[in-house]
Amino acid sequence: VSVREYVQDVGVVLDAIGPAVIVGHSMGGLIAQRAATRPDVRAAAFVTSAPPRGIVALRWASLSRLARYMPAMVAHQAFELRNADAIALLMNGMSPAAQAAALPHFVPESGRAGLELALGLLAVNAGDVRCPTLVMDASNDRITPVPVQRRIAGKYRAEYLEAAGRAHMLMLEDDWQPPCRQLLDWLAAHS
């Protein structure tokens, strides 16, 4: 499946439930950026989000680990991250016990969506996003680092929060409550 198909699925849900706020994490952050162009989205938060076209996220540390998955992406075949790659890129802020508990829940990724993300193929017209937006990053995020998140915030003139000392999967880290409380407080103020 493509990221566009994920966006269509979100649209079907929004059509069913009516006006809503949306929160997207990682690839879901890019899906939320696309969905935020809808008039029924009242507010949108992008948490350690994948960037839209025009903002390059790949850095050597991630590229060196992700290159092995490129053949599956080019062939639009599902692939599974190796545990070591998931830990290094996504779970570096989690305790070993939390990593061990989360890894069995990882599912294959869409090669097509992965390629779209890796090549920055999905554009979002910032002028079409009319709702209040928030970008929340994590200072130790290795896959969508702080400079990327700051550029996303600049694109949408979004409010910006940095979860200091956190990494990509900040909601699964020990003491996850403070950044989630910040997010909930922002949503309460803007929805």
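Structural notes, computed from the coordinates. Every chain's residues receive numbers from 1 upward, in the order its sequence appears when written. Residue-level local features of this predicted model are given only where pLDDT is at least 70; pairs of side-chain atoms are given and counted only at 80 or more, and the full residue set underlies all totals for whole chains, interfaces and linings. Calculation of side-chain values draws on the structure's entire complement of heavy atoms; hydrogens and water are dropped beforehand.

### Here's the deal with the pattern of salt bridges
For side chains of opposite charge, pairing can occur when their charged atoms come near one another. Salt bridge, as used here, is a side-chain nitrogen of Lys or Arg placed within 4 Å of a carboxyl oxygen of Asp or Glu. Counting across every chain of the model gives ten salt bridges. Between E5 and R112 there is a salt bridge, with the nearest N and O atoms lying 4.0 Å from each other. In this pair, E5 is assigned in helix α1 (residues 3-17) and R112 in helix α7 (residues 111-118), connecting sequence segments 107 residues apart. Under the scheme applied here, a residue whose accessible area is under 20% of the maximum for its type counts as buried, over 50% as exposed, and between as partly exposed, the area being computed with a 1.4 Å probe on protein chains only. Judged by relative accessible area, which is 34%, R112 ranks as partly exposed. The shortest N-O distance in the salt bridge between R68 and D85 comes to 2.6 Å. Going along the chain from the N terminus, every DSSP run of H or I of four or more residues is numbered as a helix, and every run of E of two or more is numbered as a strand.

### Here's the deal with α7
Of all the positions in α7, only G111, A113, G114, L115 and E116 are classed as buried. We call two residues contacting when some pair of their heavy atoms lies within 4.5 Å. At its buried positions, α7 is contacted by α1, α2 (27-35) and α4 (70-74). For this analysis, a polar contact is any N or O atom pair within 3.5 Å, provided that within protein one partner can donate a hydrogen and the other can accept it, and provided that sequence-adjacent residues contribute only side-chain to side-chain pairs. In this structure S110 caps α7, since a side-chain oxygen of it lies 3.4 Å from the backbone nitrogen of R112.

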